[in-house]
Structure formats: structure tokens, C-alpha cells
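Given next are the chains, with one letter for each unit.
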Amino acid sequence: MRRPSARRLLAGVVVLAAIGAGVGYAVYRAVSFQDPAVRVSGPAENPLWVPSLATPAIADDGTVRYDIELAPSTHDFGDGRVSPTLAYGGGSLLGPTLRLGEGASAQLAVTNRTGEITTTHWHGADVPGDDDGGPHSPIAPGETWIADFDVVQSAATLWYHPHRMGTTAEQVYAGAAGFLLIDDASVASEVLPREYGVNDIPLLLQDRDFDENGELAYELVAAGRGDQDPYLFVNGTSNPYLDVPAGLIRLRLLNGSQGRVYDIAVDGAALTMVASDGGYLATPAVLDDLELAPGERAEIVVDVPEDGVVSITDDAFGRVIELRADPDLGRSAGSLPERLATIEPLDLDGAVERSFHLEEVGDGWGINGRQMDMGRVDLDIAHGDTEVWTLTARNGIHAFHVHQVQFQVVTRNGAPPPPEESGWKDTVRVTGSDTVVIAARFDSFTSEVPYMFHCHLLDHEDLGMMGQFTVSAAAS
Ligand code: C2O
Ligand code: CU
Ligand code: CU
């Protein structure tokens, strides 16, 4: 494992812009300690790459099977930056989009063609512990690991990525990540835009940096909020645009970055959020902006005017992507229902209460004073129990993630959660001044293979800010 470096201590260094034909970036301000983002300026230059939909094999008994390989590759990031990468499914970066319907029996087979041990975790999926793909399910080089489970949750934007203790950040940074979409037969799913790649677009946001050879410059940063890199990529594309039909376009935003929190807004249309990590909100929420921490997803809908342009923006980078109405593509078929889902607040009567404090421990990070230990199970949860967890941090920014369950945010700093946190979530932002109370019901699978709870800032996770829980049948 590489040690954290002190590169980020070069605070306030002013980087001069490479200004010239074909260079899509211009630096507009001094690079600071935590936020060396290079503003995206000038016209959007590159067509967005949209991951292909993987084609499953359907067995006679209806089981939906996907076979994907994780293998080394080479990706052209533009501007002469051609780098070794990792990719699922034979591409040069990221991976194909997998789709599963609610109620389906699924088999997800992952073959490891890299030279090092990996795992593949289905982030946000409610699956048995030995199918979860956490650190206890290593895939040795050359081996195939198969997760098989029934899909017990409704429509949601999930994702998959490696989860090996100590190398998660490095493998994700190299490109190992993809979308896993759950479909259902709800009214919202029927009427919202749902033509993949046309009016239903996955957008995976990652910041990256490069060395003098144009190769990815991965590093683990112990200090502060971890690695913050200067260049933004959306599905691996820099400074992207996408030609779309006019009308409602659904964007499935995923923050797949190592440590960066985005502050998303929309220029040219309203930002209407329809789903959080675990599925639809109760009703669409019109927001000024939306913070997205590593691991979090948000589905938003924007109304692109005829012949018009809508930009998705981030506070640090400026433009994320430009959506251009293309008359040849006609009008989007989707519409926006007034109600999306019914979300019953969990009954907290008699719930088990626990607290989790996020802070520096040793030369890394920990939870409640302890660093991750593969041999120690931190909590055993009784199957069927509802638990209420109070999350606090000593300082900085964290993204608390729990495997297996989707939780509800009960309160943020004593108040009801804002609309963007009012639905099902599996990852939630916790800053040094926050007290966030979440609740979950552990009523699907029991598991002796531990599930993880951890900070999704990958630097923090790899440096110890993680713990484990099992779910045991309640004594009768
Ligand atoms: Cu995105 Cu423990 O995972
Ligand atoms: Cu996860
Ligand atoms: Cu953290």
C-alpha cells in the first residue's frame, strides 16, 4: 500500500493555465489546499460516453446472469493523457450498466483478470453477506466469484466497485466502477423518462489527476477530506456534452470520487430530484442545489427547452455537462408524476440505539476510537430489529455508508432532514459540526459473513474508518 504523501501541503500554489487550441481547461483561480479544481470553461467539447447496457443470459428457470471481467486496460483521457486503467466488461474505463428487475433471481459472476486480489461489491444492494462482495469475498487473480441472490428491493440506482481492504481507493481510481440499476413496475418507473442513453442517462462523476507522463496519479491522502484532484470526468469524459431530445431528461448522478463532495446545480432549467440512494422520493423535490458525497446517488429530472441548452454545474468545477436539445431526436416521452412513492417512516419505538463517532485514530481514521480489523466484528444485530444510529464527527467531512440496508435520516442537527435526504439512503454526509440520526430495519437477510459500515471517502475507508456487523436470527 502506498503511504499518504504531503503533496497537498503545497497550499496556495498558482497553476498557470495551459491555454491553447484543443485544451478544454483554463485555471481561473489559485489552487488551494483542499480544492485544486480546474474550472471547465469554453464550449463543451466531447460527446459524453455512456456505458453500454450489458446483455444478460437468461436461464430456463428465469435466472438473470451477468458475466463481467475486471481487467487492466488503457484509457485516453484526452489532451495526451493516456493511462493504464482498470475496467469491467472489456472497455477501457468503468464498466457496463447492469439491470435487474425487482423480484428477479440474479447471478452476477465476476472474473478477476488483474494481477492482484480484488472484490466486487454491489453498493446499495440488499443481499446476503456472502454475496455482498465486501472485503471477506476476495477474488484471486484468474478466479471467478459468483454472487447469487433474489432482488428484494424496488427501483434504484446502485453501483458496483471493488472493496478490498486497503486497495479500494486505488482500484476505483483506476477505473473499476459501474452502474447497477434496479427496475420495478411502479407508476413512477413507467412514466419517468426511461429510455437508457436517450432520456435516462447515468452520470458518474470522478476527479482525477495525472503525472508528467499523462498517467493517472493515484495517491492516498490521510489529511483532511482525502484526495481532491483538479480534473473532472463524467463517465470518463472530460468537458462533455450530450445531444438529447427536448423535454424531460432523467440524470442518474453518482459520485464515484475518492474524496470529493460535489455541489450540483442546474443552469437553464429547474433541478428536480426524484430519487436518492435507495429509490424514489415520496414526491419530486425542486432544489437550488444538491450536495453529493462519495458513494451517494441522486436521480434528477431537467426539462430541456426546444432548441435549448441546459448545463449541470458544480460549485468547484463550473460546468459538469451540457445537454443540448437536438431537433432530430424529437421530444422525450417521459413525464413527472406528482407522487413517486410511499415512504412510511420507520417505527422507532423500542429501537436499539447506538452511536458512531468518526475521527482520526492512529495515523489514519477510525470509528469510535477503533480502526477496521478484519478479525473483529463490531456489532451483531438481531434480525428484524430496528436500529437508530447517531452519527457525529470530530472534524472534516465524511460519508457514512451502511451495507445491506437502506436507512432513513431521522434528523439532521435536530431538525427533520431536507427533501434530498427524506427518502431511502445508504450513504449520508456527516461533517464535523453535524449530528445525523439515521434509522434502519434489519429484516431481510441474516448473515455470518460480516457487512461493512464505513466512511465512503475512500482515503478514510482504506485508512481504517470502517467496521463490521453481522445479522443474527433473534432468539425466540
Ligand atoms: Cu460503495 Cu462499502 O461501499
Ligand atoms: Cu456498499
Ligand atoms: Cu471520512
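Chemist: Help me understand the coordination of the copper ion (ligand 3) in this model?
Modeler: A metal bound by six donors in octahedral fashion has ideal angles of 90 or 180 degrees, whereas one bound by four tetrahedral donors has an ideal angle of 109.5 degrees. Taken together, the protein donors to the copper ion (ligand 3) comprise His398 (ND1), Cys455 (SG) and His460 (ND1), at separations of 2.0 to 2.2 Å. Taken in chain order, the donor set of the copper ion (ligand 3) reads H-x56-C-x4-H. Here cysteine 455 matches histidine 460 in class, with each residue buried.

Chemist: What should I look at first to understand the pattern of salt bridges in this one?
Modeler: For side chains of opposite charge, pairing can occur when their charged atoms come near one another. Tallied over the entire structure, the rule returns 24 salt bridges. A salt bridge links glutamate 322 to arginine 324, with the nearest nitrogen and oxygen atoms 2.7 Å apart. Residue glutamate 322 is classed as buried on the basis of its relative accessible area, which comes to 13%. Close ionic contact of arginine 412 with aspartate 434 constitutes a salt bridge, the shortest N to O distance being 3.0 Å. Of this pair, arginine 412 sits in strand 27 (residues 408-412) while aspartate 434 sits in the loop between strand 28 (427-431) and strand 29 (435-441), and the two are 22 residues apart along the sequence. By the burial criterion, arginine 412 is buried, and aspartate 434 matches it. What emerges from the salt-bridge pattern is a single network uniting Asp277, Glu296, Arg297, Lys425 and Asp426.

Chemist: Sorry, what's going on with the side chain of threonine 427 here?
Modeler: For threonine 427, the position within the fold is in strand 28. For threonine 427, the side chain forms a polar contact with the side chain of histidine 401, separated by 3.3 Å. Sequence-distant contacts of threonine 427, that is, excluding residues within four places in its chain, are made with His123, Asp277, Pro294, Gly295, Glu296, Arg297, Ala399, Phe400, His401, Phe407 and His456.

Chemist: I'm lost on the nonpolar core in this one. Help?
Modeler: Generally speaking, nonpolar side chains in soluble globular proteins are found buried as a group. Counting residues in hydrophobic clusters, the biggest one holds 88 residues, and the most contacted among them are Ile300, Val302, Trp389, Phe400 and Ile438. Leaving out residues up to four positions away in the same chain, tryptophan 389 has contacts with Arg354, Phe356, Leu379, Ile381, Phe400, Val402, Val436, Val437, Ile438, Phe442 and Phe453. The next biggest cluster of nonpolar side chains, apart from the first, holds 28 residues, and it includes Trp122, Ala125, Ala156 and Tyr160.

Chemist: Before we go on, may I ask you to explain empty space enclosed by the protein in this structure?
Modeler: Left-over empty space is what a probe sized like a water molecule reveals as it rolls over the atoms. Enumeration over the complete set of coordinates arrives at four cavities of 30 Å³ or more. Roughly 60 Å³ of internal volume is contained in the largest cavity. Contributions of two or more residues to the lining of the largest cavity are made by strand 16 (271-276), strand 18 (290-292) and strand 19 (297-304). No other element matches strand 18, which puts three residues into the lining of the largest cavity.

Chemist: In this structure, what is going on with unusual backbone geometry? I would like to understand it.
Modeler: When glycine is set aside, most residues are seen to have a negative phi, and most peptide bonds are trans. Of note in this structure, asparagine 235 is not a glycine but carries a positive phi near 50 degrees. By the element assignment, asparagine 235 lies in the loop between strand 12 (231-234) and strand 13 (240-244). Classification of asparagine 235 by relative accessible area gives buried; the value is 1%. Although it is not a glycine, aspartate 307 sits at a positive phi angle of roughly 60 degrees. Tracing the chain through its elements places aspartate 307 in the loop between strand 19 and strand 20 (309-314).

Chemist: Just checking my understanding: could you explain the sheet that holds strand 10 (residues 178-183) for this structure?
Modeler: The strand order across the open sheet built from four strands is 5-10-9-7, with neighbouring strands paired in mixed fashion. Of all the strands in the sheet, just strand 5 (98-101) and strand 7 (121-123) have a single pairing partner and so form its edges. Each strand axis lies, on average, 25 degrees off the axis of its neighbour in the sheet, ignoring direction. Where strand 5 meets strand 10, four bridges bridge the pair, whose relative direction is parallel. Bridge pairing in strand 10 places leucine 100 opposite isoleucine 182.

Chemist: Looking at this model, I keep getting lost on the coordination of the copper ion (ligand 2). Mind explaining?
Modeler: Within the protein, His121 (NE2) and His401 (NE2) serve as the donor atoms for the copper ion (ligand 2), at 1.9 to 2.0 Å. Of the two residues, histidine 121 sits in strand 7 while histidine 401 sits in strand 26 (residues 397-402), which places them 280 residues apart along the sequence. Each member of the pair, histidine 121 as well as histidine 401, is classed as buried.

Chemist: Before we go on, may I ask you to explain the pairing of strand 14 (residues 247-255) in this structure?
Modeler: In the case of a regular strand, side chains alternate between the two sheet surfaces. For strand 14, the buried fraction is high: nine of the nine residues fall into the buried class. Relative to strand 14, strand 11 (residues 200-208) is paired through six bridges, and the arrangement is parallel. Considered in strand 14, the bridge of aspartate 200 is made with arginine 250. Pairing geometry for strand 14 and strand 19, over eight bridges, is antiparallel. Bridged to leucine 251 within strand 19 is isoleucine 300.

Chemist: Sorry, what's going on with the sheet that holds strand 20 here?
Modeler: Strands belonging to one sheet form pairs held by backbone hydrogen bonds; the direction of such a pair is parallel or antiparallel. The sheet built from six strands is open, its strands ordered 1-13-21-20-15-18 with mixed pairing. Edge strands, defined here as strands with exactly one partner in the open sheet, are strand 1 (46-47) and strand 18. Pairing geometry for strand 15 (residues 262-267) and strand 20, over four bridges, is antiparallel. Counted as the bridge partner of isoleucine 264 is aspartate 314 from strand 20.

Chemist: Explain the packing of aromatic side chains to me, please; I cannot follow it from the model alone.
Modeler: Ring pairs (aromatic) are described by centroid distance and by the angle formed between their planes. This model, assessed by the stated rule, comprises 20 aromatic pairs. Both rings, one in tryptophan 122 and one in tryptophan 145, keep their centres 6.3 Å apart while their planes meet at 10 degrees; by these two values the pair is stacked. Taken together, the positions of tryptophan 122 in strand 7 and tryptophan 145 in strand 8 (residues 144-150) put the pair 23 residues apart, joining distant regions of the chain. As far as burial versus exposure is concerned, tryptophan 122 and tryptophan 145 are alike and both buried. With 6.0 Å between their ring centres and 70 degrees between their planes, tryptophan 389 and phenylalanine 453 make a pair best called edge-to-face. Here phenylalanine 453 lies in strand 30 (residues 447-455) and tryptophan 389 lies in strand 25 (residues 386-393), a separation of 64 residues in the sequence. The two residues tryptophan 389 and phenylalanine 453 agree in class, both being buried. Of the aromatic side chains, those joined through ring pairs into one cluster are Phe356, Trp389, Phe400, Phe442, Tyr451, Phe453 and Phe469. Here the guanidinium or amino end of arginine 81 rests over the ring plane of phenylalanine 210, the centre of that ring lying 4.7 Å away.

About the cut-offs
Residues numbered from 1 in each chain as written. Chains lettered and ligands numbered in written order. Predicted model: local features only at pLDDT ≥ 70, side-chain atom pairs only at ≥ 80, totals over all residues. Heavy atoms only, no water. Donors = N, O, S within 2.8 Å, 3.2 Å for Na, K, Ca; no water. Buried < 20%, exposed > 50% of the residue type's maximum accessible area, 1.4 Å probe, protein only. Salt bridge = Lys/Arg side-chain N within 4 Å of Asp/Glu carboxyl O. Helix = DSSP H or I, 4+ residues; strand = E, 2+ residues; numbered from the N terminus. Polar contact = N/O pair within 3.5 Å; in protein donor to acceptor, adjacent residues only side chain to side chain. Contact = heavy atoms within 4.5 Å. Core = buried A, V, L, I, M, F, W, Y, C linked by side-chain atoms within 4.5 Å. 1 Å grid on protein atoms, 1.4 Å probe; cavity = no way out; pocket = protein on both sides within 12 Å on 5 of 7 lines; lining within 4 Å. Points joined across faces, edges and corners; volume = space filled by probe spheres on them. Pairing = 2+ DSSP bridges. Axes fitted to C-alpha atoms, helices over the stretch in contact; angles between N-to-C directions. Phe/Tyr/Trp six-rings, centres within 6.5 Å; stacked < 30°, edge-to-face > 60°. Lys NZ or Arg CZ within 6 Å of the ring centre and 35° of its normal.

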